[in-house]
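Structural description and commentary
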Amino acid sequence: MTTPTKHERRIVIRPPLSLAGTTRDENRKLIREWWAELDAAEDEGRPVANVFVMGSMAEILRTFDMPIAFPEMTSLQTAVRGRSLEYITTAEDAGYSPDICGYVKADVGVHLQGRDHPMGRLPVPSLVVATNLCNTYIKWGEIWERMYDCPVFVFDIPGWRGSGFETKPSSGTFRDDVRYVEAQVRELIALCEEVTGKRFDIDRFRETLAEVNELSRLFQEVLELNQHRPAPFNALTEGINLMGIVNAYRGSPKGTRFLEIAKAEFAERIDSGVGAVPDERFRLLLVGTACYSNFRDFAGLFEDWQGVFAHSDYMSFAGGALDRGVHYDLDRPVESMAEQMVLTTQEAMGGMFWGQDWLTEVVRDWEIDGIVFHGVKSCRTVSTGLPDEREWLLRRRDIPGLFIQSDLVDPRLWSAAQLKNRIDAFFESLESRRAIGARR
Amino acid sequence: MPTEPIEQIVDEVRAIVEDPSYPAARRWLDTHPDGKVLGHFQVYFPEELAHAAGVLPIKVAGFDTALQIRKADAHLAAFVCSIARSALELVMSGTFDLLDMFVFPPICDVARHSCAVWARNFEDIDCQILYLPHNAASPAAVPYLAGEYRRILREIEEVASTRVTDEALRASIQLFNENRRLIRELYRVKRETPWKLAATEAYLLTRAAGVMPREEHNEILRRALAALEEREGRPQDRIKVVFVGGFCEQPPLDLISVVQDACYIVDDDFMVGLRWILEDVPVDGDPIEALADAYLNRSDYSPVQHDPRKPKEEMLLRKIRESGAEAAIIAAAKMCEPGLEEQVGYSQALFAEGIPHLVMEFEEKSTTFEQTRMEVETFAESLLFEFA
Ligand code: SF4
Ligand code: SF4
């Protein structure tokens, strides 16, 4: 068949939905509030923490009432606003290589341009918490350390260990890991006391943990809604909004409330038979990240084929393991935080390196037709082994996959024609598989 | 008895170091038919653990054009450094078919992914990540690392079907202490009398440690040091530099040669893992804890370890001061995220201190160095003029 184009697509009349747009509106409101808090922090003399989506330690920082900046999100926003390249080139002019993570450069560029970001003013961090879950986090933290002389706390969560490794709470390795992580939870608490001048309030900590338990439960429920056909939300385009809020508001009642709104809107779509992509024909799983500098075009290449991303591994690893089910025991808050950190991040991060089993489960449970592996030059953390994983899943599990490459935020690496050719060929192959399957 | 010329010893090790079929490991297996081989990726691995189990540790540090990449590229994203490709190719191509176990440290995300790629493709090799701690200054890091060393030791014991005693570990530590002492001595000669020992020679002699039994390597170093005592040489009018950027992927030998044609490289971070531990590891207490403590508290620095006690720029400045260097070469392997990021920090610190430096990139597979030669010569000449 010929490729349908955006222009040929039918205009779809959707039934009026009372909750339509509520998630988007709440998302915008919360992002505005988040920026306002970051903007005001400097004037109010509140110390800001720079953290990362994989292991933000928001549970601890929120207990100290610290505004939390996510530079990955603010870099992503420069791209969505079409401004990333100017910041990236500012950083390159200052000596940063064309071959390093574009998020780092977009952020450095903003800092070098007086911290003026298209959405507000980036705060000067008083503290950096960098987990080892991406090694670039640590290098990024060192850049602010040099710029602002702020402490960088490397929060180390030992991860997947290789052949035959399983996270077993009964194992000696798990206990060793938890001991190490628990000691770091206590070290970070002491450092936050120093930076903020406040005492650690264990009851406030418990409240934050309880909120994360709830956030995780709701997050799992929202993801499961997408097992429905047609998928009520696109894990690519709408998923990114969910991820922004669950990170920025992790541990806050506002984050939990946001997921309730999203869940209600998606449930309504299901009840009304409305899918995220009109006339859904292909259900896809994204492995890697999207291209945010050309986000609409990237999404359009799949939507043109009525392909919906029913899930993504991004919604797993970039959600601080919320999808794995976080269950903090409020009677032993510090110990339990350490245990849950080890348990859930080993699963979620293990899924990034050793992802074939988790991906196979998602393919089964979300009824995925094919996996799109998107390697981005910026991010070796998600991209390095993708071609191998794709080949393995095809060969060993007969799961079709497409491997494409561009970037997160650097539009110079976007090659529309090449991507379109590969994506079109992939959909054609999925159609042939379907036709062969139907004949059998 | 007259000592043999150093050139002869260097030629001998060069033949071993540059051969991707690992001839010294093959020879060892000829005499140890049931022996097991443990490979490990850059930067650091406590080889004593393998040695004490009677297992041969081999350090995989990449290859230049001696190894053509044919199969590995299809398994890795395009923007990944060369050493990850050449390491994978070694095994995929069957060139290095001796491995029973392979260990990656979590130095970067390419290394962590590589472990998964290896584990998916080589089911006969026990592929492990030795999770060296990233929170190096935490008081909990040493006990954690000791536990992690014990876990890896159990894996090794299983692969080798043996049990390792503390006595065996202590004996291995002593052997490796001696090896580190000899390498320090070699570096001292290079630092104090660079006209007697070329950087390429010191490099090959050091790197050989990773590809042959340490007993043999200690012997080679003893012979080399004896030969150096006899070697004549007169200082030439060259600037002294520290070269950094060789902590993981290695610059091709020809590139080191190009630099040394114009400068004395008086210190560097080539193969820093072999020299990571700076003092003898004590043998009187628990050997595993001693190794863990040495890794964290008696050790060098590199761009892939954040340790607030060792700010990297300050460490570099100290290296420059202590080696009497006048300038620095700040290199990084192409596509190496941590190395490339570190270049900027180093460069800023050197600017602030007014220390001349040259920033460059390399790839283990590069074959043309004319541009580099021109840059290095211009750099060195301008400095000679300035310092004259
Ligand atoms: S390398 Fe990837 S995970 Fe790490 S900071 Fe960059 S984009 Fe984020
Ligand atoms: S060269 Fe750099 S990126 Fe490559 S494996 Fe080594 S540290 Fe990682």
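Residues numbered from 1 in each chain as written. Chains lettered and ligands numbered in written order. Predicted model: local features only at pLDDT ≥ 70, side-chain atom pairs only at ≥ 80, totals over all residues. Heavy atoms only, no water.

Residue and element names in this part refer to chain A. For helix α4 (residues 84-93), every residue scored as buried is listed here: Ser84, Tyr87, Ile88, Ala91 and Glu92. Taken around the axis of α4, the buried residues stretch over an arc of 140°, which confines them to a single face. Of the surrounding secondary structure, the elements contacted by the buried residues of α4 are α3 (71-80), α5 (102-112) and β3 (116-117). (Buried < 20%, exposed > 50% of the residue type's maximum accessible area, 1.4 Å probe, protein only. Helix = DSSP H or I, 4+ residues; strand = E, 2+ residues; numbered from the N terminus. Arc of directions from axis to C-beta. Contact = heavy atoms within 4.5 Å.)

Near ligand 1, the surroundings consist of Met54, Glu72, Cys101, Tyr103, Cys134, Thr136, Tyr137, Trp140, Ser378, Cys379, Thr381 and Leu408 of chain A. In terms of residue count, the dominant contributor to the shell around ligand 1 is helix α6 (residues 135-148) of chain A (three residues). (Near = heavy atom within 4 Å.)

On to the pairing of strand β5 (residues 125-131) of chain A. Residue and element names in this part refer to chain A. The element β5 is extensively covered by neighbouring structure, given that six of its seven residues are classed as buried. Sheet topology note: the strand β1 (residues 48-50)/β5 ladder contains three bridges and is parallel. Residue pairing for β5: Val48 is matched across the bridge by Pro125. A crossover connection joins β5 to the parallel strand β6 (residues 152-155) through α6; in handedness this β-α-β unit is right-handed. (Pairing = 2+ DSSP bridges. Right-handed = clockwise from strand over helix to strand, strands pointing away.)

Before going further, it helps to examine the environment of Glu347 of chain A. Relative to the elements of secondary structure, Glu347 of chain A occurs in helix α13 (residues 333-353). Spatially, the C-alpha atoms of Glu347 of chain A and Gly159 of chain A are 8.4 Å apart, while their sequence positions differ by 188 residues.

Around ligand 2, the structure places Phe41, Cys81, Ile83, Ile107, Cys108, Phe247, Cys248, Glu249, Cys336 and Pro338 of chain B. Residues of the shell around ligand 2, tallied by class, amount to nine nonpolar, no polar and one charged. (Nonpolar A, V, L, I, M, F, W, Y, C, P; charged D, E, K, R; others polar.)

This part is about the nonpolar core. With 296 residues, the main nonpolar core has Tyr292 and Phe302 of chain A together with Trp118, Tyr149, Ile156 and Leu205 of chain B as its most contacted residues. Per element, the largest residue contribution to this core is 10 residues, and it comes from helix α6 (residues 141-160) of chain B. Apart from residues lying up to four places away in sequence, Tyr292 of chain A is in contact with Leu76, Ala79, Val80, Tyr103, Ile240, Tyr314, Asp407 and Leu408 of chain A. Counting residues in hydrophobic clusters, the runner-up holds 15 residues, among them Val244, Leu316, Leu350 and Ile355 of chain B. (Core = buried A, V, L, I, M, F, W, Y, C linked by side-chain atoms within 4.5 Å.)

The description of two packed helices rests on the angle between their axes and on the distance between the axes. Residues and elements named next belong to chain B. One can describe the packing of helix α7 (residues 166-192) onto helix α11 (residues 287-297) by two numbers: an axis separation of 9 Å at closest approach and a directional angle of 35°. Counted together, Asp166, Leu169, Arg170 and Ile173 of α7 and Pro287, Ile288 and Leu291 of α11 form the full contact between these two elements. Residue composition of the contact of α7 with α11, grouped by class: five nonpolar, no polar and two charged. (Axes fitted to C-alpha atoms, helices over the stretch in contact; angles between N-to-C directions.)

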